[in-house]
Amino acid sequence: LPVAPYSRRKTIRREVGPGVWAFDQLIGIYYVHVPIRMTVVKMESGGLLVYAPVAPTKECLSLLQPLIDAHGPVKTIILPSVAVEHKVNAGPFARAFPAADFYAVDQQYSFPLPLPAVFLGLPSWTKPLPRSSEGLDATWLGGEFEHAVLTVKPGPGSYFQDVALYHRPSKTLLLCDAVLSVTEEPPPILTSDPEYVRALLFHARDDPLELVADTAANRRKGWRRIVLLFNFFIPGATQADIGLKPLLALDPTFELGWGGWQPFTWRAASEEASFARYSANGRPTLLPIIQIILNRGVADGSLRRWVSTVQRWDFERVVPAHLDAPIALGPAQFAEPFDFARDGGNEVRFCDEDVALLREAEKGPLSFSVGTTALGPLTGAECALGNSNPRIVSAPGWTPLTGGLKWTPK
């Protein structure tokens, strides 16, 4: 995959619950770096369970070895997603532990041609993960776990799946992509290496060749912008220049990398307002693209049934595979990010200007891959982020496909 890190992938290990460890690595494009996370659980019956495996680098395996020495071998590995950024690591990780049971969600697919699992990099001993732990033998996964697979078919030729895996002894719920949380502080993996810090400072610039000081404020500023780009691609607080001007300003010697390429102009007040609405001080939410997918699972009741199942479990924390973890969250609050399904609309708490591009994409470029929904397009709160300025600019006389995008095309 043409995604960072390209040659060196750092891993950090953190205990995020009693007998539960997060192994964080990094993934990203154009220095839009975010955590990708594997979770390891100590089983009371002995051994370890691995959820959402990351790249089995020497460092990763060396950090895992003390847990193996203390608690026993890796017994079970679960690939909880069909997303390529997760399954590309799952096969190599499973091959590092061939004695472990390796389960994958059952709707793995490839695009544009359907390929068998062996061509997806998964080992021959891969087993389909049952859709639910209900009705399984009481000894399933040592009798310590319950799980439910969310399966949504957003359009022709594709699936979305996520596994809610509840570990009763630690009261911990593991998720892959369905829920996330973010605060203004960069996650530990992004401050663990000088190269990763450089990405934060790169996005803290206001001018292409600006060298910003490495301060806590600038790290937070860079992280804020990374989060907005990660979620919205062209956030409402920016103006994107897709013409030649940013390219003509490149300096290959620029020490923060990418030649100082800066196709975005940020508006400080708008950026802070946008991030505040998205973050809500760490309140759990969904990626907007995930909400677009999940609202295709409302009509058949699959989303509602999955949420109701998860709410029956007595968890105290959630560990997702991206952004912040752990999230202090229990069953009573778990349904909030999915309230759009209950309310019969597609409202988000974010600024409407932020979701405008995705709304237009849903009607245009994404229309071939996602079906229709009765909930309508994503809509948010109008935050006056754009000040009526053009959303995208380009070379004179050239109007790109998105050149007519308005700030609030509800």
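Predicted model, so just to flag it, every value in this text is computed and none were measured.

## Quick look at unusual backbone geometry
For the peptide bond that leads from A325 to P326, omega is 0°, which places it in the cis range. As for its position among the elements, P326 is in the loop between β13 (317-319) and β14 (327-328). Positive phi is not limited to glycine here, since N281 has a value of about 60°. Structurally, the position occupied by N281 is in the loop between α6 (268-279) and α7 (288-294). A relative accessible area of 78% means that N281 is categorised as exposed. Backbone geometry places L323, a non-glycine residue, at a positive phi of 55°. By relative accessible area, which is 1% here, L323 ends up buried.

## A look at the nonpolar core
Formed by 73 residues in total, the largest nonpolar core has its most connected members in L173, W223, L294, W306, F334 and F338. Those residues in contact with W306, other than ones at most four positions away along the chain, are A148, V149, L150, D162, A164, L175, A178, F334 and F338.

## A closer look at the packing of aromatic side chains
Under the counting rule described, the total for this entry stands at 15 aromatic pairs. Ring centres of F93 and F97 lie 5.2 Å apart, and the angle between their planes is 40°; on these two criteria the pair is classed as tilted. The same class applies to F93 and to F97, which are both buried. Among the aromatic residues, those joined into a ring-pair cluster are Y30, Y31, F202, W258 and W261.

## Some points on the pattern of salt bridges
If the charged atoms of two oppositely charged side chains come close together, the side chains can form a pair. Following the criterion strictly, the structure yields 21 salt bridges and no others. Residues R131 and D106 are paired through a salt bridge, measuring 2.8 Å at the closest nitrogen-oxygen approach. With R131 in the loop between β7 (127-128) and β8 (145-155) and D106 in the loop between β6 (101-104) and β7, the pair connects residues that are 25 residues apart, well separated along the chain. We classify R131 as partly exposed; its relative accessible area is 39%.

## Comments concerning helix α8 (residues 302-311)
All of the buried residues in α8 are S302, L303, W306, V307, T309 and V310. In a view along the axis of α8, the buried residues occupy a sector of 160°, so they form one face of it. Residues of α8 that are buried make contact with β8, β9 (158-167), β10 (172-174), α7, α9 (331-334) and α10 (339-343).

## Some details on the sheet that holds β7
Pairing is mixed across the open sheet formed by seven strands, whose spatial order is β1-β2-β3-β4-β5-β6-β7. The sheet is open, and its two borders are formed by β1 (12-17) and β7, each paired with just one other strand. Inspection of the sheet shows strand β2 (residues 20-29) paired to strand β3 (residues 32-42) by ten bridges, in the antiparallel sense. Residue pairing across strands places D24 opposite R37, the latter belonging to β3.

## Focus on the sheet that holds β10
What the five strands build is an open sheet, ordered β8-β9-β10-β13-β14; its pairing is mixed. The outermost strands of the open sheet, each flanked by one partner alone, are β8 and β14. Summarising the sheet, β8 and β9 pair through nine bridges and their orientation is antiparallel. Of the residues in β9, the one forming a bridge with V149 is V163. Taken strand by strand, α8 contacts β8, β9 and β10, and its axis lies near 165° from that of β8.

## Re the confidence of the model for the chain
Residues at a pLDDT of 70 or more form 90% of the chain, whose mean pLDDT is 89. For residues 397-410, every residue scores under 50 in pLDDT, and the model assigns this stretch 35 contacts once sequence neighbours within four places are set aside.

## Focus: the state of the cysteines
Considering all chains together, one arrives at one disulfide under this definition. The residue that forms a disulfide with C351 is C383, at a sulfur-sulfur distance of 2.2 Å. Between C351 and C383, the disulfide has an S-S torsion of -95° and is therefore left-handed. One end of the pair, C351, is in strand β15 (residues 347-351); the other, C383, is in the loop between β16 (379-381) and β17 (392-393), and 32 residues separate them in sequence.

## Section: a nonpolar patch on the surface
The grouping of L244, L247, L248 and L250 at the surface amounts to a nonpolar patch, some 410 Å² of accessible area in total. Mapped onto the fold, L250 is located in the loop between α5 (245-248) and β12 (264-266).

## Description of the side chain of E353
In this fold, E353 is placed in helix α11 (residues 352-363). Here A384 takes part through its backbone nitrogen, which lies 2.7 Å from a polar atom of the side chain of E353.

## Considering the environment of E271
By secondary structure assignment, the location of E271 is in helix α6. Residue E271 is classed as buried on the basis of its relative accessible area of 1%. Sequence spacing of E271 and R224 is 47 residues, and the spatial spacing of their C-alpha atoms is 8.1 Å. Residue contacts for E271: discarding those within four places in its chain leaves K221, R224, R225, L228, A237 and W266. Separated by 3.0 Å, the side chains of E271 and R225 make a polar contact.

Conventions we followed
- Residues numbered from 1 in each chain as written.
- Predicted model: local features only at pLDDT ≥ 70, side-chain atom pairs only at ≥ 80, totals over all residues.
- Heavy atoms only, no water.
- Helix = DSSP H or I, 4+ residues; strand = E, 2+ residues; numbered from the N terminus.
- Buried < 20%, exposed > 50% of the residue type's maximum accessible area, 1.4 Å probe, protein only.
- Core = buried A, V, L, I, M, F, W, Y, C linked by side-chain atoms within 4.5 Å.
- Contact = heavy atoms within 4.5 Å.
- Phe/Tyr/Trp six-rings, centres within 6.5 Å; stacked < 30°, edge-to-face > 60°.
- Salt bridge = Lys/Arg side-chain N within 4 Å of Asp/Glu carboxyl O.
- Arc of directions from axis to C-beta.
- Pairing = 2+ DSSP bridges.
- Axes fitted to C-alpha atoms, helices over the stretch in contact; angles between N-to-C directions.
- pLDDT = per-residue confidence, 0-100.
- Disulfide = S-S within 2.5 Å.
- Patch = residues over 30% accessible without salt bridge, like charges linked within 9 Å, V, L, I, M, F, W, Y side chains within 5 Å.
- Areas by Shrake-Rupley, 256 points an atom, 1.4 Å probe, with all protein chains shown as cover.
- Polar contact = N/O pair within 3.5 Å; in protein donor to acceptor, adjacent residues only side chain to side chain.

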